[in-house]
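Listed here are the chains, written in short residue letters.
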Amino acid sequence: MIDFVHQVESLYSESFQENKEMQSLSSVKNWRQEQDSSKHLATLESLLDHDGRRVPSREVRVMLNWAQWWDELLRDLILLPRKQGQGLATCNPEALWMHLTAQHDWLKITSWIEECEPNHSSCGQSKWPPLTASIVDQNTLCSGYMRNDILNKLARNGIFVLSELEDFELLLQRLVSLGGVLQNPHPVPKYSTASGLDFHARFVLHCLEHNLQYMLYTYLDYYSLTPSNCPILDDKELHEAHPWFEFLVQCRGVASNPRDPKMIFQASLANAQILIPSNQASVSSMLLEGRTLLALATTMYAPGGIDQVLQNEDTEKPLKKVDPQLLKMALSPYPKLRAALFPPCTSHGILPSDISLYHLVQSLVPFDPSKLFGWQSTNTLAVSDASSDLPHFSSPELVNKYAIMERLDFLYYLRHGRPSFAFGTFLVQQLVKSKSPKQLIQQAGNEAFLLGLSFFNTPSVAAACVCFLELLGLSSLKLRVDIKVANMIFSYRTRNEESQHNQIRESLVEQLMRLADGEKAATEEVLKSLEEAFWDSIEHQGIKRTSSDSRRQWSLVMQFCKLHTTKLSTSYLKECAKSNDWLQFIIQAQLYSYKPDEVTSVLEGFAPVIQHHLMLALEKSPLLHGAAGGPEGSTGSRHADGLFQILFRCQEGPSASCHLLAEGLRDHAPILSVLAACFPEADIIHCLCVWIITSVDNVTRSEATKHIQSSVENHKWDLHDLSLIWKVFLRKQKCQTLIRGFQLFLKLKSGDGPAASQVPVQWLESQALFLLELMLQQCRTEYELGKLLQLLAATDDLLLAGPHVKKLCALSEILKGSSVSINPSMLTRFSPETFQNECRSILEQLQEKGMFSLARKVAVLAELPADSVVTREILRDLHLLRDMGEWDQDQIRIKFWKKCNDSFMKNSISSQAASDFFLNQANVVVESSVQEKIKSITERHLLLTLAGHWLAKDVSMALDKLEEIEKEIWICRITQQTLSADEGSGRSRCSSCAAVNGDFTFDNLAKEFSFSKLPALNTPNYLKVEGLEFRECQQTLAGDEEAALRFLLGCLLDEGSVHEASRVCRYFHFYSRDVSLVLHCRALASGEADLDKLHTDIQALVAAEKTQESSASQQSRVPSTSSLEDWTHIADPSLDDQIVLSLKALTDECVHGRNYCRQVLCLYELSKELNCSYSEMSALDPEKVLRAILSSQQAERCRRAQAFITTQGLQPETVAELVAKEVVQELLASSEGKGQKQVSNPAAESQAFLQLAKLCQDHTLVGMKLLEKISSVPRGELSCITELLILAHNCFSLTCHMEGITRVLQAARLLTDEHLAPNDEYGLMVRLLTGIGRYNEMTYIFELLHEKHYFEVLMRKKLDPSGTLKTALLDYIKRCRPGDSEKHNMIALCFSMCREIGENHEAAACIQLKLIESQPWEESLQDVANLKKLLMKALTLFIDAAESYSKDSCVRQALRCRRLTKLITLQLHFLSTGQSTMLINRSRQNLMECIVSLPRFYQAAVVAEAYEFVPDWAEVLYQQVIAKGDFTYLEEFKQQRLLKPALFEEIAKKCKQHPPTDGALRNLKRLLAYCEDISTYYRLAYDNKFYDVVNMLLKDAQTGCCLNDMLSN
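Summary of the structure given here. (Residues numbered from 1 in each chain as written. Predicted model: local features only at pLDDT ≥ 70, side-chain atom pairs only at ≥ 80, totals over all residues. Heavy atoms only, no water.)

Concerning the overall build of the chain
So, point 1. Helix and strand counts for the chain come out as 89 helices and zero strands.
So, point 2. Here the analysis covers contacts within the chain between residues at least 6 apart in sequence; of these, 60% occur between residues at least 24 apart.
So, point 3. Carbon and sulfur atoms form 53% of the exposed surface of the chain, whose accessible area is close to 87,300 Å². (Helix = DSSP H or I, 4+ residues; strand = E, 2+ residues; numbered from the N terminus. Contact = heavy atoms within 4.5 Å. Areas by Shrake-Rupley, 256 points an atom, 1.4 Å probe, with all protein chains shown as cover.)

Now the structure itself:
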């Protein structure tokens, strides 16, 4: 801030001249600035002079207190007036814009705007900062005029401020100043409102809001907007709100596609919507509104035209559906048109025939239908001898008369690119008949050759000629080369002369023809042209002239020279000489065997140095000397002792290869070994050994040859020598020499057989094995060894033992990073035993180092038991917890023991080891105080349980060992219960002792691993009564221990653990009365014990029970919590059933275990019902028993099943599965017995199945199981699947499970579409529909039944007891079949729906009235008979409607129909008496006029009631009584209505409003006499000056007193 203050002071303290130079403002601005500066300086001086210090007038001081409150924008505004012009680009654009607009600096503003234009080309650095529309919109401080100019200038550049973009009116005003909205391109291309509308859509809405019809049409036409590119034009809501808008869009659609009749039809409907705004536009509404011609014109463009309307085919589209009777009536004013559209039929009902097209063309001169169109079946004018077939060019008759025959030779087919046809034609037409076939073939080849050259630029003809030559057995090379040459020359010439293609081609063909004739001049011309074309092609390809690609393409020129036996072209050699490319020069000269004089003549083009070298080389070239005829071997004398001398000498001996090998060893020349191997008789192993020996240093060579006793040069090398060399070189790590030697010599002979045969596979494998073992031994680090083992293990075909290497690799990978290493002896002497021993040693080392995870991996790899590893790791963790002081926390110990169990499971240790571990830990549990003793006992209990749990997994376990552990567990429980009782807590086994946080306790964990239910322990012997100890036996427990055990046994019996309770009694020789009673119950039920052989105590109990009354005493007992009593009452046992009575007696005596006794009793009675023994029943699984109950098909099976489920405590999942299976089985059995389509009473069966489903508490679960069972039902059992879906829906409906209901509906739709509908199973469709009952979601079945004419089956009796089907049917007909009145009436009649019947009758009657209304009343009166007929039909319908309404107590509707009945009856009366007054179809506007015109009151009342119209009865009485003097009308009115005083007052007012006549006054006086209110009568008589009446009233004895009193008041 201080720096800023100093900057301001320095800027504003400068001299006026400096400021003047810096500023480029006009004089007016300078004057204003100077004036402003002086004023501000004076202010500053006055403010700063309070302390007596004056500052010079040209210096400025700024207080920090001011600058403290200046924000960034204000600071920029302070600095801007003193800034130089070049620094404006870095200014704050908002501050700069505010400064310039506040100063009205138009020049700088326009400069800034122009620089920000999109198409502005920036030359160098920008002068101004970026300018955005938001800056202009929010920071402009100029006048409104300049702001408008600025916005105009920005708008011309396509920039609009946000305030105008958000206000469409402002945006349109801005566009008006720029040329309007009709511009190309669009002035606002990227406009978009907050709701997502573009400019076109917003402008359309603007025009609709302001009713700008012409403007909208012009705008749409200018931008060619249609509903496809502007979706708002197809908005139905806008069409309904603005009918003219829809008409405009449809008219534009007609203009864009005038041949589409649908567009014209829609436009006409839109036009009708404007004319008839009250109804939906349709052809019927046009007819009803009396616009017949418009309806006809619209129908002509409807799909199908007038024919479809007359045939009444399209009943699905209401817009073009027309009632033929309505159309016929509407056409009454146009009799000829009606006769044309509804022609009279002949006597047989056949329409008169039309005139055919052939009658119309009969008079035209070129066409004679009697002769020309005889093949047309519809041509009735054809004569009998006319042709019955359509003429064609292959017709034999026409061919014989008019065709010109010509045979096609092989050249014709070649010109059309068909070589196989040409070859076949040549064989058939010429070669077969020829006596000199070779000459003929050569001649045909020449002709094809010339044809190919003539059409060289036509690929199909050229290829056909080449193929034809090959078919003839002639060479096509010359033709292919010449065609390629011709195309290259043609492309070159046409590239230079583009407009003369035909002339160039003709001249080139002429040259080629002369070339084919063998003219030398033509050959030279073509060669010259070819060279030019070739180099031109190379230049166009951008290839170097002497490159290899260029040389390969040059082969075409050389082929051309050789094929035409002309001198080889030296153009390429000359190009090589020009570029000094001697290598390509030599290659080209040798490749094509140029003559020496041809080559030497070209050498002059090289540089002198290269030319001299090439001359020397070419002089010594054997090729050139051979070509020149020089002496052979002239160079041999110069190098007698050189390589060539050795080669010459070796050829003189018998074995050239052996001589070369000996020389190679002598001179240490490996190259001689390579040359020796080139001889056919050479031994490849010999050559390889010599090459290797001669390629190394002397030391290695001497070591590799020390086994050779004789001379090395004369030694015969074999595989033994090679193997020794191999091992020496590998030990010295000279691998590259070996690799190079084998690559060189074995590949040298790879094409021949000897190389492979001389190196046996066994030898190669042994050497490779040595190499692999050596590699393992030479590894310097563990990392190298590991990497090498990985590579070897990844190899599929390995010489080393594959599994062993992979195990070593895995072991190395495991030990990576640890300090334990593999013994090196393992790498060379591997066996499974040594590997396991090594792994045992490694295991010990890893365990000592605490690396247990690695130890487990090693144990798994070596297939060693990991028991010790796991247990030692757990013991380490245990000691660690004790050292850390956390072992005293119960929660820590609980989690630790659970973790131990999980670790044993995870590592799959032996059951015996785990059991021993937990037993050992149980024996070392320590205890101190009583509380600690309880915890330690609980912990020991858990550990013993875990030990027994693991021991039970061992197949070879000893049962006595397991029982011993269980006894120890029970000792812990008894001790635990005893200690808890001593503490006074009374906690039992059921309520956890030593509880810790939450439910995670020792007891809960012990329950999880309890083995008391083990089948090996629960043997039948423990349930026998004989082995049970009784009270006279010696007890082994103390008193408090006996109490604790008795309590715990009671808990066991209550839980139903009878086996365990019996075992515990035997463990401790303890007698329990409840255990004895329970076991006796079972013994009695199973028949193992007789009543007379029971123990004396038990017999006494049974005898005491027998003396009591069975039923009364049992019912008076305390009821059980289970539902067994329901079961026992299902079939009451007889009094002589001693077993049942005994079982009930023992059950009642039980304190604990009573529920088990009830189960025994339940199973016993159930066995009696199912005719089987108790032992069989108790041995069965409860699921099987329940399945037997459900399949018993007895009347009380549901009650029995419910009792059994409750007693046994079966899970809902199990019950649901069994119920679903039983339902499916019964449905399948029912289907097999009755047939697919003969279900007797499906609703009753469904209710029976629903009772079965309710056996499960979770109804949703039953529904899910039923849906799952559908997939197991045979595909043909559709009725079964249908019933399953219905039952599943009922189950889901009981619980309002919407997801299940949705699944059922989806499955029902799938079943209907894929199975029921294709197989015409309409009965099952109806069953599915009515069974589920969700009609709104299943309307597709209504559609199917309607389409298949099976709809009436839904109207059967007793199909819809709930009454919802009829409502759904009517709703479907109203929504989906609005025009099908027949179905509607049928449904209403079937279900006695009187209200709906009445509605139908009423609607039909209204249609009749509408038909009468559709034509003028005067025209209807011309055909009174027809009018009466329509009225009588309407009258009958209204009478029926009123009757139907009355049956359904619809009073209001019935009264309305009766009122209309009276109206129509009155209308018929008028027509019968010749009166033409129209009473029906009256509008409310002229209804009063009609009522006044009626002569009788009852007629007026009928009309008023029918239209529910309340007329002005005062007006009616005035007209009838006062004006006409019809007092009979008044008498009728008086009989029906009251003559109230107000009515007389209204009539009197109307008399005053109209000039009264004498007759009217007399009638009024007479009318007033009917007024019973004396005061009103007197007042009206007085007001109308009927003084005689006034006097009479005053003098009358009855009225005078009353009037006098009233007047006096």
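Now that the structure is up, let's keep going.
Some thoughts on the nonpolar core
So, point 1. With 116 residues, the main nonpolar core has Leu1328 and Phe1342 as its most contacted residues.
So, point 2. If you tally residues by element for this core, the top one is helix H71 (residues 1278-1295), at ten residues.
So, point 3. If we skip the residues at most four places from it in the chain, Phe1342 touches Leu1329, Tyr1335, Phe1351, Leu1354, Leu1365, Ala1368, Leu1369 and Tyr1372.
So, point 4. Counting 94 residues, the second largest nonpolar core, distinct from the first, contains Ala281, Leu1431, Ile1480 and Trp1513. (Core = buried A, V, L, I, M, F, W, Y, C linked by side-chain atoms within 4.5 Å. Buried < 20%, exposed > 50% of the residue type's maximum accessible area, 1.4 Å probe, protein only.)

Here we look at the packing of helix H43 (residues 719-731) against helix H46 (residues 761-777)
So, point 1. Viewed as axis vectors pointing N to C, H43 and H46 meet at an angle of 15°, and their least axial separation amounts to 11 Å. As the angle between them shows, H43 and H46 are arranged roughly parallel. For H43 against H46, the interelement crossing comes out right-handed. Residues Leu719, Leu722, Ser723, Trp726, Lys727, Leu730 and Arg731 of H43 lie in contact with H46, whose contacting residues are Trp763, Gln767, Phe770, Leu771 and Leu774.
So, point 2. Residue classes in the contact of H43 with H46 are distributed as eight nonpolar, two polar and two charged. (Axes fitted to C-alpha atoms, helices over the stretch in contact; angles between N-to-C directions. Parallel < 35°, antiparallel > 145°, perpendicular 65-115°, else oblique. Left-handed = near helix turned anticlockwise from the far one by under 90°. Nonpolar A, V, L, I, M, F, W, Y, C, P; charged D, E, K, R; others polar.)

Considerations on unusual backbone geometry
So, point 1. Residue Asn184 is joined to Pro185 through a cis peptide bond whose omega torsion reads 5°.
So, point 2. With respect to the secondary-structure elements, Pro185 resides in the loop between helix H11 (168-176) and helix H12 (199-209).
So, point 3. If you check the backbone angles, Ser224 has positive phi at about 55° while not being a glycine.
So, point 4. Take Ser224: it is sitting in the loop between helix H13 (213-223) and helix H14 (236-241).
So, point 5. Backbone geometry places Gln733, a non-glycine residue, at a positive phi of 60°.
So, point 6. For Gln733, the position within the fold is in the loop between H43 and helix H44 (735-748).
So, point 7. When its relative accessible area of 52% is taken as the criterion, Gln733 is described as exposed.

A closer look at the packing of aromatic side chains
So, point 1. Using the criterion set out here, one finds 39 aromatic pairs in the structure.
So, point 2. Between Phe534 and Trp535 the ring centres are 4.9 Å apart and the planes differ by 75°, which places this aromatic pair in the edge-to-face class.
So, point 3. Relative to Tyr1587, the ring of Tyr1582 has its centre 6.1 Å away and its plane inclined at 80°; by these criteria the two rings are edge-to-face.
So, point 4. Looking at Tyr1582, the relative accessible area reads 46%, which means it is partly exposed.
So, point 5. The structure contains a cluster of three or more aromatic residues connected by ring pairs, namely Phe168, Tyr191, Phe199, Phe203, Tyr219, Tyr222 and Tyr223.
So, point 6. Lying across the ring of Trp950, Lys953 places its NZ or CZ 4.0 Å from the centre. (Phe/Tyr/Trp six-rings, centres within 6.5 Å; stacked < 30°, edge-to-face > 60°. Lys NZ or Arg CZ within 6 Å of the ring centre and 35° of its normal.)

Some words on the environment of Glu838
So, point 1. Assignment of secondary structure puts Glu838 in helix H49 (residues 832-848).
So, point 2. With 16 residues separating them along the chain, Glu838 and Ile822 place their C-alpha atoms 7.9 Å apart.

Topic: the pattern of salt bridges
So, point 1. A full pass over the atoms with the stated rule returns 38 salt bridges.
So, point 2. The shortest N-O distance in the salt bridge between Asp221 and Arg252 comes to 3.7 Å. Placement of the pair is Asp221 in helix H13 and Arg252 in helix H15 (residues 243-256), with a sequence separation of 31 residues.
So, point 3. With relative accessibility at 46%, the residue Asp221 sits in the partly exposed group.
So, point 4. On the accessibility criterion, Arg252 (12% relative accessible area) is buried.
So, point 5. Notably, a salt bridge pairs Glu519 with Arg514, separated by 3.3 Å at the nearest N-O pair.
So, point 6. What makes Arg514 partly exposed here is its relative accessible area of 24%.
So, point 7. Within this structure, Glu539, Arg545, Glu575 and Lys578 form a network of salt bridges that share partners. (Salt bridge = Lys/Arg side-chain N within 4 Å of Asp/Glu carboxyl O.)

Notes on a nonpolar patch on the surface
So, point 1. A cluster of nonpolar side chains, Leu293, Tyr334 and Leu337, forms an exposed patch at the surface whose accessible area comes to about 250 Å².
So, point 2. Mapped onto the fold, Leu337 is located in helix H21 (residues 335-341). (Patch = residues over 30% accessible without salt bridge, like charges linked within 9 Å, V, L, I, M, F, W, Y side chains within 5 Å.)

A closer look at H43
So, point 1. Compared with the 18 Å implied by 1.5 Å per residue over 13 residues, the 18 Å span of H43 between its first and last C-alpha is a close match.
So, point 2. Taken residue by residue, H43 has Asp721, Leu722, Ser723, Ile725, Trp726, Val728, Phe729 and Leu730 as its buried positions.
So, point 3. Of the residues trailing H43, Gln733 is marked for its positive phi of about 60°. (Expected span 1.5 Å × (residues − 1).)

What to know about a negative patch on the surface
So, point 1. Side chains of Glu166, Asp167, Glu169 and Glu209 sit close together on the surface and give a patch of like negative charge.
So, point 2. Here Asp167 is to be found in the loop between helix H10 (162-166) and H11.
So, point 3. Since its relative accessible area comes to 32%, Asp167 is described here as partly exposed. (Lys, Arg positive; Asp, Glu negative; His and termini not counted. Charge placed at Lys NZ, Arg CZ, Asp CG, Glu CD.)

Comments concerning helix H41 (residues 684-694)
Think of an α-helix as 3.6 residues a turn; residues three or four steps apart then line up on the same face.
So, point 1. Buried residues dominate H41, accounting for eleven of its eleven residues.
So, point 2. When we look at burial in H41, the residues that qualify are Ile684, Ile685, His686, Cys687, Leu688, Cys689, Val690, Trp691, Ile692, Ile693 and Thr694.
So, point 3. Structurally, the start of H41 carries an N-cap: the backbone nitrogen of Ile685 is 3.2 Å from a side-chain oxygen of Asp683. (Polar contact = N/O pair within 3.5 Å; in protein donor to acceptor, adjacent residues only side chain to side chain.)

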